[in-house]
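Structural features, examined
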Amino acid sequence: GFVCCCEMPSTERFAITLGLLGVQLALADPVTPRRSWDTLQSMAQFHGSNESGPFTDEAIQWIGANFVAATVEKWQDLSHRPTSEEANIITTFRRLKAVNPAIVTAMYNNLICHFPQYTELYATLAKDSATWLSIDGTEVVQNCAGFQPGPVPDWRASSTMYAWQDWAANISSSPDVDGFFFDRIDDTHDRSGGVKNFSNLPSDQQTAFIDGKWNTARNISKSAFVIAGDGERIPGFHAAFIQTCEAGKSCLTRMSNCVKNDVLCFVHVDGSEADLATFLIGATDKSYIVKGGWHSTTAFGDKFIADHTMPEWKLPLGAPIGPAAVNGTVYTRAFTSGTTVWLDTKTAKGTVTWRNSSAPRTQVPQPLSFR
């Protein structure tokens, strides 16, 4: 069963309090997904969910065999409400680990958006008397990803921070959950996380809100693997998630930020050859290629496989011979298999020449839709 943080031994509760006060605590021992440079498949993370119901046994077998890590999104098995989304995701992870015990699992959640299907979270928030954000005397309501509009946690309040930490402790007590992918920890362009009318708060209250959600996620990372959205403050987390790496300089800059902060880098690559070239130019021993949409209703079959892989999925790659060479806006890189990569960040064009496959792509996956 789940354990409430309120029922933790006083030493653990004290540790959480120290974290809220800004005292630096050590990260949890990292649960690093096993990867290699052999193929794209050997460094791949699955990201997605099945809105129409549980994944079929065939799909679970395929995901377990093709990925070293998996994050499951907020749409998983929504057809079975009012079952909690947490239970749906944990069940998926349990089935995946039965197939591949080494797969690293991370549950998605969002620190700003209201997703009512996370019933365990909202029960914990109510029990711990968490508060909701009000600006100018009006409770702030957000509408995210087409779900029912709902309130925004007030990250200035210690009760809110404790409640989220209680929830995370409960969820990560399951042996099938290695950690979390937390969205909007610290958005690059809007550190509020997109909260409406946020600028109307006094500056000290804006800072308290921003720091509250960051510190809460940081404290959760003391006992669980945490992937952060790639904002300005990814130090202190185990990994960063780069959403939609498009060909060009921007994705390379975001990948270099992972290197600068010494975190794992999960890079979502849509499917074009130029996007893949960008990933391979910037990849390090801590980089993973992420495939899949936020959610799908596609039954397992050829389309499901095409949406979650690439034509080059199993071609030999090998370790890079060295860092990419740069000449103006042109980057080149070679790998031990003989595969070579060329990228022009000015034109956003790129190619990957695979030694064992001289034929051009015969299948180009279409970009997936995100909400």
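One can find the structure itself at the top, above this paragraph.
A short tour of the structure in this document, coming up. Not measured: the values here are computed from a predicted model.

1. A look at the environment of Thr124
Positionally, Thr124 belongs in helix 4 (residues 119-127). Considered as a pair, Thr124 and Trp167 are 43 residues apart in the sequence and their alpha carbons are 6.3 Å apart.

2. Some details on the environment of Val352
For Val352, the location among the structural elements is in strand 16 (residues 349-353). Judged by its relative accessible area of 7%, Val352 falls in the buried class. For the pair Val352 and Leu280, spaced 72 residues apart in the sequence, the C-alpha separation amounts to 8.8 Å.

3. Some details on the packing of helix 5 (residues 158-172) against helix 6 (residues 203-220)
Their axes nearest at 10 Å, the elements helix 5 and helix 6 cross at an angle of 30 degrees. Considering the angle they form, helix 5 stands roughly parallel to helix 6. Here helix 5 and helix 6 pass one another in a crossing that is right-handed. Along the contact surface, helix 5 presents Met161, Trp164, Gln165 and Ala168, while helix 6 presents Gly212, Thr216, Asn219 and Ile220.

4. Quick look at the sheet that holds strand 14 (residues 330-334)
Strand order in this open sheet of four strands is 13-14-15-16, and the pairing throughout is antiparallel. Two strands close off the open sheet at either side, each with one partner strand: strand 13 (325-327) and strand 16. Adjacent strand axes in the sheet meet at a mean angle of 10 degrees when their direction is disregarded. Pairing analysis gives five bridges linking strand 14 to strand 15 (residues 340-344), with the strands arranged antiparallel.

5. Here's the deal with the sheet that holds strand 8 (residues 179-183)
Taken together, eight strands build a closed barrel; the order of strands is 1-2-3-8-9-10-11-12 and the barrel is parallel. Between one strand axis and the next, the sheet turns through 25 degrees on average, direction left out of account. When strand 2 (residues 69-72) meets strand 3 (residues 104-110), the two strands line up parallel, connected through four bridges. In the strand pairing of strand 3, Val72 is matched with Met107.

6. Points about the state of the cysteines
For the structure on display, the rule yields three disulfides. Between the sulfur atoms of Cys258 and its disulfide partner Cys265 the distance amounts to 2.3 Å. Its S-S torsion of about 60 degrees marks the bond between Cys258 and Cys265 as right-handed, since a negative value means left-handed. The exposure classification of Cys258 matches that of Cys265, with both residues buried.

7. Focus on the packing of helix 2 (residues 57-66) against helix 3 (residues 85-99)
Contact geometry of helix 2 with helix 3 gives a least axis separation of 9 Å together with a crossing angle of 60 degrees. Comparing their axes, helix 3 and helix 2 come out oblique. Like other packed secondary-structure pairs, helix 2 and helix 3 cross with a definite hand, here right-handed. Where helix 2 abuts helix 3, its residues Asp57, Ile60, Gln61, Ile63 and Gly64 lie against Thr92, Arg95, Leu96 and Val99.

8. Brief notes about the packing of aromatic side chains
Counted under the stated rule, the structure contains 22 aromatic pairs. Judged by centre distance (5.3 Å) and plane angle (50 degrees), the rings of Trp155 and Trp164 are tilted. Pair check on accessibility: Trp155 and Trp164 agree, each one buried. Among the aromatic residues, those joined into a ring-pair cluster are Phe46, Phe55, Trp62, Phe67, Phe300, Phe304 and Trp313. Over the ring of Trp37 we find Arg35; its NZ or CZ atom is 4.5 Å from the centre of that ring. We note Arg35 situated over the ring of Tyr288; from NZ or CZ to the ring centre the distance is 5.9 Å.

9. Brief notes about the nonpolar core
Among the nonpolar cores identified, the biggest contains 104 residues, and Trp167, Phe182, Phe266 and Phe279 are the most heavily contacted of them. No other element matches helix 5, which puts six residues into this core. With residues up to four places along the chain from it excluded, the contact list for Trp167 reads Glu86, Met107, Asn109, Tyr118, Glu120, Leu121, Thr124, Phe180 and Phe182.

10. A few points about the pairing of strand 11 (residues 264-268)
Counting buried positions along strand 11 gives five out of five residues, so the element sits mostly inside the fold. Pairing between strand 10 (residues 239-242) and strand 11: four bridges, direction parallel. Paired with Ala240 across the bridge in strand 11 is Cys265. Between strand 10 and its parallel partner strand 11, the chain crosses via helix 7 (residues 249-260), and the hand of that crossover is right-handed. Relative to strand 12 (residues 287-291), strand 11 is paired through four bridges, and the arrangement is parallel. Paired with Cys265 across the bridge in strand 12 is Ser287.

11. Observations concerning unusual backbone geometry
At Asp77, a residue that is not glycine, the phi angle is positive and equals roughly 55 degrees. As for its placement among the helices and strands, Asp77 is situated in the loop between strand 2 and helix 3. Residue classification places Asp77 among the buried positions, given a relative accessible area of 6%. Backbone geometry places Ser129, a non-glycine residue, at a positive phi of 55 degrees.

The rules behind these values
Residues numbered from 1 in each chain as written. Predicted model: local features only at pLDDT ≥ 70, side-chain atom pairs only at ≥ 80, totals over all residues. Heavy atoms only, no water. Helix = DSSP H or I, 4+ residues; strand = E, 2+ residues; numbered from the N terminus. Buried < 20%, exposed > 50% of the residue type's maximum accessible area, 1.4 Å probe, protein only. Axes fitted to C-alpha atoms, helices over the stretch in contact; angles between N-to-C directions. Parallel < 35°, antiparallel > 145°, perpendicular 65-115°, else oblique. Left-handed = near helix turned anticlockwise from the far one by under 90°. Contact = heavy atoms within 4.5 Å. Pairing = 2+ DSSP bridges. Disulfide = S-S within 2.5 Å. Phe/Tyr/Trp six-rings, centres within 6.5 Å; stacked < 30°, edge-to-face > 60°. Lys NZ or Arg CZ within 6 Å of the ring centre and 35° of its normal. Core = buried A, V, L, I, M, F, W, Y, C linked by side-chain atoms within 4.5 Å. Right-handed = clockwise from strand over helix to strand, strands pointing away.

Function cannot be inferred from these measures alone, as they are strictly geometric.
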